[in-house]
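Structural characterization, general
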Amino acid sequence: MDHHFVQVADRAIEVLDPAAALEFVSDPGFGGITMFVGRVRDLNQGREVAGISYDLYRPLALARFTEIAEQTQRECGPRLKLYIAHALGRLAIGDLAVVIAAGTPHRDEAFRACRLAIEAVKHTVPVWKQEHYTDGDSEWSEGRSLRDADGSKQG
Amino acid sequence: MDIELELFGVLRGLEPGDRLRLPVSGATVADLRAALATHAVARWSRISPQLLGSCAFATPTNVLRDGEALPADGRMVVLPPVSGG
């Protein structure tokens, strides 16, 4: 489906590319482009963070990315290009963890599509974050349960 | 039937290769959940019942609810609460 691009980027071999995202969602008929870039920050809940490791179940994550793109298109209209990419592996402070970009004819749909997509990625995709702290400790983030979540299907 | 489970996130490191073969007496996800809870009580001291209860079970394409049938190929993954982005 050429209106959607989804990707899992293994940090050991590639990095997320916002320029590629912008290029993908661009179109001569699109006057509105929005992008969300999630980066690893150096502080979380008062603890100094040295880095983050992202674990991910790739087959289901890619399937969910596609479902999110299709759902976003249903809500924001057919004239939408959407780019969803998430990192896998060990990231340092400032590294890119997620890139979402949306292109539409006007700004309202572009903002809405980008917001819908990033919220769905954060809450419904099988990705897990392990924070590594400067004191040498590491901890998995608590996260949100997918048990009986909307993203699950019958049959 | 036996179910081959793959473990992710906070469950990594609990079993060699992050995989577990578990005999399940029953044919639904609920039966698998009960079997895993029994296994966890015996073997996974750092995993609380609350955390295990918040885990989901999935195939490569779907998260399955407790009342659904286990897949014929016996391969599933355990998904702890997610925290992407």
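Provided above is the structure to which this section pertains.
Residues numbered from 1 in each chain as written. Chains lettered and ligands numbered in written order. Predicted model: local features only at pLDDT ≥ 70, side-chain atom pairs only at ≥ 80, totals over all residues.

A short note on the pairing of strand 4 (residues 47–56) of chain A
Residue and element names in this part refer to chain A. The condition that has to hold: Being paired, for any two strands, means DSSP has found at least two bridges between them. Note on conventions: DSSP H or I runs of at least 4 residues are helices, E runs of at least 2 residues are strands, and numbering of each starts at the N terminus.
Inspection of the sheet shows strand 3 (residues 43–44) paired to strand 4 by 2 bridges, in the antiparallel sense. Pairing of Leu 43 across the sheet is with Glu 48, part of strand 4. Linking two consecutive strands that pair antiparallel, namely strand 3 and strand 4, is a turn of 2 residues; a positive phi of about 50° is found at Gln 45 within it. By the bridge criterion, 7 bridges tie strand 4 to strand 7 (residues 127–133) in an arrangement that is antiparallel. Residue pairing in the sheet places Val 49 in a bridge with Tyr 133 of strand 7.

Here's the deal with the nonpolar core
As a reminder, the rule being used: By convention in this section, buried Ala, Val, Leu, Ile, Met, Phe, Trp, Tyr and Cys residues joined through C-beta atoms within 7 Å make up a nonpolar core. Buried residues are those with 20 or more other C-beta atoms within 10 Å of their own C-beta, exposed residues have 12 or fewer, and partly exposed residues lie in between; C-beta atoms are placed from the backbone. Contact between two residues is assigned whenever their backbone-derived C-beta positions fall within 7 Å.
Counting 63 residues, the largest nonpolar core has Ile 84, Ile 100 and Ala 117 of chain A together with Leu 79 of chain B as the members making the most contacts within it. In contact with Leu 79 of chain B, not counting residues within four places along its chain, are Tyr 57, Pro 126 and Leu 146 of chain A together with Phe 8, Cys 55, Ala 56, Ala 58 and Val 63 of chain B.

Concerning the sheet that holds strand 1 (residues 2–7) of chain B
All names here are of chain B. Quick note on the threshold: All axes here are fitted lines through C-alpha atoms, helices being fitted over the stretch that makes contact, and every angle between N-to-C directions spans 0 to 180 degrees.
The sheet built from 5 strands is open, its strands ordered 2-1-5-3-4 with mixed pairing. One side of each edge strand has no neighbouring strand; the edge strands of this open sheet are strand 2 (19–23) and strand 4 (63–64). In this sheet, strand 2 lies alongside strand 1 in antiparallel orientation, the contact comprising 5 bridges. Paired with Leu 5 across the two strands is Leu 20, which belongs to strand 2. Against the sheet, helix 1 (residues 29–43) contacts strand 1, strand 2, strand 3 (56–58) and strand 4, and its axis sits at roughly 110° relative to strand 2.

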